[in-house]
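# Close look at the chain arrangement
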Amino acid sequence: MKKNFSFLYLFPQLFFSGLFLLALIYGLWDSFSVEGRMSIAYYKEIFTRGDTLPSIFYTLRISFLSSFFTLLLSILLSFLILYFSEKWDRLKPLLQLAIIMPHSLVALFLLFFLSQNGFMARIFYALKLISDQTAFPELVYDRFGIGVILGYIWKELPFVLFFSLPLAYSVDGKLGEAARTMGASPLHSFFLITLPLSIRQYLAAFFIIFSFSFGSFDLPYLLGNTTERALSVLAYQELQRGFMNRPTALSYNGIMLLFSLLLSFFYFCFLPKKKG
């Protein structure tokens, strides 16, 4: 009886995982088949377009930069949190609240604060720092993706801290504290003991957010410009043109899936292994 109940608990997870795998297989088959035969015609078609390669490089750039700066900020904030002995029980609910914030709400906040008609532009104009609100730097809808990168950092930083800090707390509470007792400064204790022993967790979080941001749709769609678009936005635009363009859209999704698989392979092969 107990085993039957255990299976019932697992059934929803197995059911939705099965649906996900079926949709994934169907999508791949649809992108690699023409009239029921295996073909790479749709992939040839999208790579002959002038916007596909720039879109790949644009997506890679905003994904890598946002993930890299998030990683650096998370390490710096981890040091400050441990240095000021902030309790994990008090910090955890705040990080959880930040994680569940929708990306659309983040985009709305960034538009309100950083657009040329937004709060910061009006403050700069009121202080006579700029001659006109249009002179405020273009931080959203820009071709460099600054607004998209800032949005990803806003969303991903709480996740990296939530994912990595428990291990850093554990290491710092034992070995880090012992090092400080023997005369090491908090800076040396963190960067020579705590961080090296917990770096795997930070790098794992980096790969997760890198893969996520590469395939994400909402922030590039809401904050990106119209000349350079992310791969997910190109896939969405193909679907908007009609049902017959679905295989082309799925080909863009196939590129994003391939990148995620390559990133996973790199993660498992080259990430520092756990010792002991």
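Here goes a summary of the coordinates provided. (Residues numbered from 1 in each chain as written. Predicted model: local features only at pLDDT ≥ 70, side-chain atom pairs only at ≥ 80, totals over all residues. Heavy atoms only, no water.)

## A closer look at the packing of helix 4 (residues 88-99) against helix 7 (residues 146-181)
Keep this limit in mind: Interaxial angles span 0 to 180 degrees and are taken between N-to-C directions of axes, which are lines fitted to C-alpha atoms, for helices over the stretch in contact. Helix and strand definitions here come from DSSP, where helices need a minimum of 4 consecutive H or I residues and strands a minimum of 2 consecutive E residues; each element is numbered from the N-terminal end. Just so you know how the angles are binned, under 35 degrees is roughly parallel, over 145 roughly antiparallel, 65 to 115 roughly perpendicular, and the rest oblique. Two helices crossing with the near one rotated counterclockwise from the far one by less than a right angle form a left-handed crossing, whereas a clockwise rotation gives a right-handed crossing. Any two residues whose heavy atoms approach within 4.5 Å at even a single point are treated as in contact. Residue type decides the class: Asp, Glu, Lys and Arg count as charged, Ala, Val, Leu, Ile, Met, Phe, Trp, Tyr, Cys and Pro as nonpolar, and the leftover types, Gly among them, as polar.
One way to put it is that helix 4 packs onto helix 7 with a least axis distance of 8 Å and a crossing angle of 155 degrees. What the angle tells us is that helix 4 and helix 7 run roughly antiparallel. Here helix 4 and helix 7 pass one another in a crossing that is left-handed. On the side of helix 4, the interface is formed by Trp88, Leu91, Lys92, Leu95, Gln96, Ala98 and Ile99, while helix 7 contributes Lys155, Pro158, Phe159, Leu161, Phe162, Leu165, Pro166 and Tyr169. Residue composition of the contact of helix 4 with helix 7, grouped by class: 12 nonpolar, one polar and two charged.

## Examining unusual backbone geometry
One non-glycine residue with positive phi stands out, namely Lys128, at about 65 degrees. Relative to the assigned elements, Lys128 resides in the loop between helix 6 (119-126) and helix 7. Backbone geometry at Tyr141 places phi at a positive 60 degrees, although glycine is not the residue there. Locating Tyr141 in the fold gives a position in the loop between helix 6 and helix 7.

## Structural notes on the pattern of salt bridges
Put simply, the test is: Just to be clear on terms, a salt bridge is a Lys or Arg side-chain nitrogen sitting within 4 Å of an Asp or Glu carboxyl oxygen. Burial here depends on accessible area, computed with a 1.4 Å probe over protein chains only, as a share of the maximum for the residue type. Under 20% is buried, over 50% is exposed, and the range in between is partly exposed.
Counted according to the given criterion, the structure contains six salt bridges. The salt bridge involving Glu45 is made with Arg49; its shortest N-O contact spans 3.0 Å. By relative accessible area, Glu45 is classed as partly exposed at 32%. Note that Arg241 is salt-bridged to Glu238, the shortest N-O span being 2.5 Å. Classification of Arg241 by relative accessible area gives exposed; the value is 56%. Sharing partners across several salt bridges, the network here consists of Glu45, Arg49, Glu238 and Arg241.

## Description of the side chain of Ser78
Locating Ser78 in the fold gives a position in helix 3 (residues 52-83). Take Ser78: its relative accessible area is 0%, and that puts it in the buried class. Setting aside chain neighbours within four positions, we find Ser78 in contact with Leu161, Leu165, Phe190 and Tyr202.

## Focus: the nonpolar core
The condition that has to hold: The criterion is simple. A nonpolar core is a set of buried Ala, Val, Leu, Ile, Met, Phe, Trp, Tyr and Cys residues joined through side-chain atoms within 4.5 Å.
Leu165, Tyr202 and Leu231 are the most contacted members of the largest nonpolar core, which totals 34 residues. Counting residues per element, the ones that place at least two in this core are helix 2 (41-47), helix 3, helix 4, helix 7, helix 8 (186-215), helix 10 (231-240) and helix 11 (246-270). Per-element accounting of this core gives the leading share, nine residues, to helix 8. Among the nonpolar cores identified, the runner-up in size contains 15 residues, and Val106, Leu110, Leu114 and Ile149 belong to it.

## Regarding the packing of helix 3 against helix 8
Contact geometry for helix 3 and helix 8: axes closest at 9 Å, N-to-C directions at 150 degrees. It follows that helix 3 is roughly antiparallel to helix 8 by the angle criterion. Relative to helix 8, the crossing made by helix 3 is right-handed. Looking at the contact of helix 3 with helix 8, its residues break down into 19 nonpolar, nine polar and no charged.

## Structural notes on the side chain of Ser189
Mapped onto the fold, Ser189 is located in helix 8. Each residue touching Ser189, except ones within four places of it in the same chain, is listed here: Asp172, Gly176, Ala179, Arg180 and Thr194.

## Some details on the packing of aromatic side chains
Using the following cut-off: Side-chain rings of Phe, Tyr and Trp (the six-membered ring for Trp) are treated as a pair once their centres are within 6.5 Å; stacked means planes under 30 degrees apart, edge-to-face means over 60, and tilted covers the remaining angles.
Under the counting rule described, the total for this entry stands at 24 aromatic pairs. Each ring, one from Phe64 and one from Phe210, has its centre 6.1 Å from the other, and the planes form 65 degrees; the classification is edge-to-face. Of this pair, Phe64 sits in helix 3 while Phe210 sits in helix 8; the two residues are 146 residues apart in sequence, bridging distant segments of the chain. Consider the rings of Phe190 and Phe191, whose centres lie 4.9 Å apart with planes at 85 degrees: the pair is edge-to-face. Three or more aromatic residues joined by ring pairs make a cluster, and in this case those are Phe64, Phe68, Phe69, Phe206, Phe207, Phe210, Phe214, Phe259 and Phe266.

## Description of a nonpolar patch on the surface
The line we're drawing: Within the patch definition used here, like charges are joined within 9 Å and nonpolar side chains (Val, Leu, Ile, Met, Phe, Trp, Tyr) within 5 Å, considering only residues with over 30% relative accessible area and no salt bridge. In these tables, accessible area is a Shrake-Rupley quantity obtained with a 1.4 Å probe, and a residue counts as shielded only by the protein chains included in the view.
A cluster of nonpolar residues, Leu105, Leu108, Phe109, Phe112, Phe113, Phe119, Ile123, Leu127, Leu129 and Trp154, forms a patch on the protein surface that exposes about 920 Å² of accessible area. When residues of the nonpolar patch are traced back to their parent elements, those giving at least two are helix 5 (103-114) and helix 6. Inspection of the secondary structure puts Trp154 in helix 7. Relative accessible area serves as the criterion here: at 35%, Trp154 is assigned to the partly exposed category.

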